[in-house]
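# Descriptive structure summary
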Amino acid sequence: MNCTEARGLLAVYRDLKEAEAQPSLQNEERWATIQELEQHLESCPDCRQTMADFTLVGARLQRLPAIEPPPEMRERLMRALAAEHARFLRRGLPGTPPPPDFLKPYMQEQLEQEAGRDPLATLSTAKTGPLPVIQIPPRVQRRPRMPQLAALAVAATFLLALLTGGLTSVLLLAQHSSGSIPPPAAINHPTNVVMMRYATATIYHNVVSAAADGNAVYYSAFNDSAPAGWMLLRLDRQTQLSQPLLPSAQSSPLIILGSSHNRLVWLQYDPPAADTTVAPSAKKNQHNSPLRDSATEGLRSWKLFYALVDPTTGPESLHAQQLLGGVFNPALAEGIVHTPVPGIWFLENGLLVASLDQHGLSHLWLYSLQENGQIASRSELASAPAGHIYTSPTATADGSDIFWADEWLDSAGLLHSNIWTRQEIEVSAPTRGRWLPHTQPQTWLFRADGTSFRPVVVGHTFFMLNTNDGLDGTSALATPTPVASPSPQPASQSAASALSLNASATPSANASIYPPSLDFLISGSLYMLSLEPTSDGTFSQLNTISHVSALQGGATFVLWQDDNNTYGMFDVESNSFVQVGSVLNGAAFVAVNSNSAVWSDAPNPSTSRSSASITPLATLRMFNWPLTASGGGHS
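Here's a quick rundown of the structure. Since this is a predicted model, take the numbers as computed values, not measurements.

## Re the overall build of the chain
Each helix and strand counted, the chain has eleven helices and 30 strands in total. Going through the 635 residues of the chain one by one, you find that 47% of them count as buried. A fraction of 61% describes how many contacts in the chain between residues 6 or more apart in sequence connect residues 24 or more apart. As presented, the chain carries roughly 31100 Å² of accessible surface, and 55% of it is formed by carbon and sulfur atoms.

Structure (structure tokens):
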């Protein structure tokens, strides 16, 4: 398929996808056309840009309110038609039909207005008795240049052009207007993203976690042997070939936590030892869900690794560096998390890691990374008191604004969360002596309401979930405090009692192996805040369809799951919603990383092996956003 053929199909691409999604309308020819088009989009940046332009225009049109014609529009149209019909009456053309009933009142008005200006019009509107018959010499009738119906059509076209001009004005106004962001309307456009499917032959076909990074998809999986062997793999999106990254299979589960510019971080999470028992927590967690209750508890050894992957070399060249390690006691986490590493976040030249030590104490670490893949330094940014757990570290790319969540259970076993920040603040100049302007990092409570969860920074925009629906227009706490570690602060009982979970939220890794943190299931309102210096520091609530959960952030977008188990997406650069549609339905997990979202379907033993070979297939699906994002592949 060439560019001319592809661009001819872009206008009907969504209609083709919508028809293919309906079983009664499916056919092989349409599916082949869709496949061929999506393959061309993967390899052609110009057509992807054209697709992105179509998507942007469609999204903006959907956000416009319904346009009602002004009340006087019908009157203007009727008068225009009456004027055109009157001109034909004045010409006296043969076969001129009488005006329709709906036009007669306007015809009378039109003729009365023309009285005095046209003798014929004056005569036709005069209220006189019968007139004598006047013999008029015959004359040759000239053929009219335009039939009456064509003239009426021209008039209607002219009025339609006027209406179109008004619509264009509204579009221009809407483009530059500000205010609350309306929710998406998925009526005629079920999806704005292009899903790509990759099937690669490997014995490690049971995919558990993944992260897309440019032209590569890193994933962890295990084989069918007993006991299972675990492996880290790199899938090349162009060739669809998978390359093992470790010299040999591991006996412990491997979980990929993130990747950036081929810098990979993963967790080796040993199964619970058979002879270990965990004492139950004294504080009862009131938020246990079926997903969390099924998690295997017990003391677990773990190691956190980091490595710079060279795609041109084999697994023997991978130099894995251990960042942290220890023994995780789930009882000390009180069900808030089921992992010793509740979150990581890549900076331009650094890495944020939230972790729990063997005593259940939570720490936030900052690693400085060199270009050659080596770790230059490690520093502790904050440590939490007993009973508090740090999760969801996030930051701007340069690390000048860092945020993380601080979670704890109250005496009733209900979950609360504040948000802390560490920012570079300009130091005030002294009154005397020489002075060199510089900044100094300071840490303070950014949100102290006990109901703020899942902070995510995209570019210079801050997002969070809050179980309080009344924060629209409120300001963040902008006063630095000298204390970096919070003390337990009770939230209002009304807010705590209203806390709800979305137990069916799709996790970021296979939940049967790596259960999500409790805050991942929290359902709340989605708020955003600009971090630009010119910002007024107030939060804006996104008008989502319902409360949201499972918030994740990429390079230019955030992705979440609504309470009705549909997916929502917001593009920060265009400040608009993105239609995700049903492409993520049936996913076993969904992991957002950089400019991509990658997922694996729920396992199906009947389709896990190729029909033409005994070699199993590992299947991954993903989409890039924006559509012009780098990375190739085959659909």
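## Thoughts on the pairing of strand β16 (residues 415-426)
Across nine bridges, strand β15 (residues 401-409) lies against β16 in antiparallel orientation. What sits directly across from E407, in β16, is S417. Turn length for the β15-β16 hairpin, with the two strands adjacent in sequence and antiparallel, is five residues, and the turn residue G413 shows positive phi of about 85°. Sheet analysis places β16 next to strand β17 (residues 439-447), joined by eight bridges and oriented antiparallel. Counted as the bridge partner of E424 is P441 from β17.

## Considering the sheet that holds strand β26 (residues 567-571)
Strand order in the open sheet formed by four strands is β24-β25-β26-β27, and the pairing between neighbours is antiparallel. Every other strand in the sheet has two partners, leaving β24 (548-553) and β27 (576-578) as the edge strands with one partner each. On average, each strand axis in the sheet is tilted by 25° relative to the strand beside it, whichever way the strands run. Pairing geometry for strand β25 (residues 557-562) and β26, over five bridges, is antiparallel.

## Points about unusual backbone geometry
Of the consecutive residues A226 and P227, the connecting peptide bond is found in the cis state with omega at -5°. In this structure, P227 sits in the loop between β3 (216-222) and β4 (230-236). Positive phi, close to 55°, is recorded for E334, a residue that is not glycine. Here E334 shows up in the loop between α10 (330-333) and β10 (343-346). For E334, a relative accessible area of 17% puts it in the buried group. In this structure, N575 takes a positive phi of about 55° despite not being glycine. Take N575: it is sitting in the loop between β26 and β27. Since its relative accessible area comes to 38%, N575 is described here as partly exposed.

## Observations concerning the packing of aromatic side chains
Taken as a whole, this structure holds 15 aromatic pairs when the rule is applied. Judged by centre distance (6.2 Å) and plane angle (80°), the ring pair of Y269 and Y514 falls under edge-to-face. Linking Y269 in strand β7 (residues 263-269) with Y514 in the loop between β20 (500-501) and β21 (522-523), this pair joins segments that are 245 residues apart in sequence. Accessibility assignment for this pair places Y269 and Y514 in one class, buried. Here a set of aromatic residues connected by ring pairs shows up, and it is made of F403, F446, F462 and F539. Seen from the ring of Y269, R300 lies directly overhead, with NZ or CZ sitting 3.8 Å from the centre. The side chain of R378 reaches across the aromatic face of W365, ending 3.9 Å from its centre.

## Some thoughts on the packing of helix α1 (residues 3-10) against helix α3 (residues 28-43)
In the contact formed by α1 and α3, the axes pass within 10 Å of each other and the chain directions differ by 115°. Seen along the crossing, α1 lies across α3 with a hand that is left-handed. Contact with α1, carried on its side by C3, A6, L9 and L10, involves T33, L37, H40 and L41 of α3 and no other residues of that element. Grouping the constituent residues of the contact of α1 with α3 by class yields six nonpolar, two polar and no charged.

## Considering the side chain of T339
Its location among the elements puts T339 in the loop between α10 and β10. Within polar-contact distance, the side chain of T339 engages the backbone nitrogen of V341 at 3.1 Å. Polar side-chain contacts of T339 include one of 2.7 Å to the side chain of Y514. When residues no more than four places from it in sequence are discounted, the contact partners of T339 are L267, Y269, F328, L356, Y514 and S517.

## What about the sheet that holds β10?
Strand pairing in a sheet relies on backbone hydrogen bonds, with the paired strands running either antiparallel or parallel. As summarised here, the arrangement of the four strands in space is β10-β11-β12-β13, forming an open sheet in which the pairing is antiparallel. The strands lining the two open edges of the sheet, one partner per strand, are β10 and β13 (375-383). With strand direction ignored, the average angle separating the axes of adjacent strands in the sheet is 20°. Two strands pair when backbone bridges link them, and β10 and strand β11 (residues 350-356) are joined in this way by four bridges, in the antiparallel orientation. Bridge assignment links G343 to a residue of β11, and that residue is A354.

## Some words on the environment of C44
With respect to the helices and strands, C44 occurs in the loop between α3 and α4 (45-63). C44 sits in the buried class, given a relative accessible area of 9%.

## Some details on the side chain of Q423
Take Q423: it is sitting in strand β16. For Q423, a relative accessible area of 13% corresponds to the buried category. Residues within four places of Q423 in sequence aside, it is in contact with S400, D401, F403, Q440, P441, Q442 and W444.

## Brief notes about α3
Here α3 is 16 residues long and its end C-alpha atoms lie 23 Å apart, about the 22 Å a rise of 1.5 Å per residue gives. Among all positions in α3, only R30, I34, Q35, L37, E38, H40, L41 and E42 are buried.

## Side note on the pattern of salt bridges
Oppositely charged side chains are able to pair whenever their charged atoms sit close together. Within the structure shown, the criterion is met by six salt bridges. A salt bridge links R234 to D236; the nearest nitrogen and oxygen atoms lie 4.0 Å apart. With respect to class, R234 is no different from D236; both count as buried. Between R447 and D449 there is a salt bridge, with its nearest N and O atoms 2.8 Å apart. You can call R447 buried: its relative accessible area is 8%. Residue classification places D449 among the partly exposed residues on the basis of a relative accessible area of 24%.

Rules used throughout
Residues numbered from 1 in each chain as written. Predicted model: local features only at pLDDT ≥ 70, side-chain atom pairs only at ≥ 80, totals over all residues. Heavy atoms only, no water. Helix = DSSP H or I, 4+ residues; strand = E, 2+ residues; numbered from the N terminus. Buried < 20%, exposed > 50% of the residue type's maximum accessible area, 1.4 Å probe, protein only. Contact = heavy atoms within 4.5 Å. Areas by Shrake-Rupley, 256 points an atom, 1.4 Å probe, with all protein chains shown as cover. Pairing = 2+ DSSP bridges. Axes fitted to C-alpha atoms, helices over the stretch in contact; angles between N-to-C directions. Phe/Tyr/Trp six-rings, centres within 6.5 Å; stacked < 30°, edge-to-face > 60°. Lys NZ or Arg CZ within 6 Å of the ring centre and 35° of its normal. Left-handed = near helix turned anticlockwise from the far one by under 90°. Nonpolar A, V, L, I, M, F, W, Y, C, P; charged D, E, K, R; others polar. Polar contact = N/O pair within 3.5 Å; in protein donor to acceptor, adjacent residues only side chain to side chain. Expected span 1.5 Å × (residues − 1). Salt bridge = Lys/Arg side-chain N within 4 Å of Asp/Glu carboxyl O.

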